[in-house]
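Structural description and commentary
So you can see what is in the structure, the chains are spelled out below.
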Amino acid sequence: MDFPMYVYKPRRGMKRGEESKETYKLPHRLIEKKRRDRINECIAQLKDLLPEHLKLTTLGHLEKAVVLELTLKHVKALTSLLEQQQQKILALQSGMQIG
């Protein structure tokens, strides 16, 4: 999923009164809302990717922090499993070369 970049030029170099605070706050609020929406969407996607047995370890609603913690736990477990599998493959390959 591609996320658009939202860039807003800061008010540096502007003199007081050239731009009211309200016209500055509105784009800032919109940018912040879009940023929060993107974060929430990514967390929702991570939640959908989690295996059911991890989701069941918590009671009720999964908070954002819990989703991130469970995702880290799952990625670490997958990384460890991958390393173990790679070691087994290397051991089998070296055993085949000897025999």
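The rules behind the values
- Residues numbered from 1 in each chain as written.
- Predicted model: local features only at pLDDT ≥ 70, side-chain atom pairs only at ≥ 80, totals over all residues.
- Heavy atoms only, no water.
- Helix = DSSP H or I, 4+ residues; strand = E, 2+ residues; numbered from the N terminus.
- Polar contact = N/O pair within 3.5 Å; in protein donor to acceptor, adjacent residues only side chain to side chain.
- Contact = heavy atoms within 4.5 Å.
- Salt bridge = Lys/Arg side-chain N within 4 Å of Asp/Glu carboxyl O.
- Buried < 20%, exposed > 50% of the residue type's maximum accessible area, 1.4 Å probe, protein only.
- Core = buried A, V, L, I, M, F, W, Y, C linked by side-chain atoms within 4.5 Å.
- pLDDT = per-residue confidence, 0-100.

Secondary-structure assignment places Lys55 in helix H2 (residues 52–55). At 3.2 Å, the side chain of Lys55 and the backbone oxygen of Lys47 are in polar contact. The contacts of Lys55, once residues within four sequence positions are left out, are Lys47, Asp48, Leu50 and Leu62.

Considering all chains together, one arrives at three salt bridges under this definition. Salt-bridge contacts for Arg35 lead to Glu32; the nearest nitrogen and oxygen are separated by 2.9 Å. Of this pair, Arg35 and Glu32 both sit in helix H1 (residues 21–49), three residues apart, roughly one helical turn. When its relative accessible area of 37% is taken as the criterion, Arg35 is described as partly exposed. Exposure remark for Glu32: the relative accessible area of 23% places this residue in the partly exposed category. Across the pair Glu52 and Lys55 runs a salt bridge whose closest N-O atoms are separated by 3.3 Å. Residue Glu52 and its partner Lys55 are located together in helix H2, separated by three residues, close to a single helical turn.

Generally speaking, nonpolar side chains in soluble globular proteins are found buried as a group. Of all hydrophobic cores here, the largest spans six residues; its members are Ile43, Leu50, Leu54, Leu62, Val67 and Leu70. In this view, Leu70 contacts Leu50, Leu54, Thr57, Thr58 and Leu62; residues no more than four positions away in its chain are not counted.

As a further point, take the confidence of the model for the protein chain. Across the protein chain, pLDDT averages 83, with 74% of residues at or above 70. At the low end of the mean pLDDT range in the protein chain sits H2, at 88; at the high end sits helix H3 (residues 64–98), at 93.

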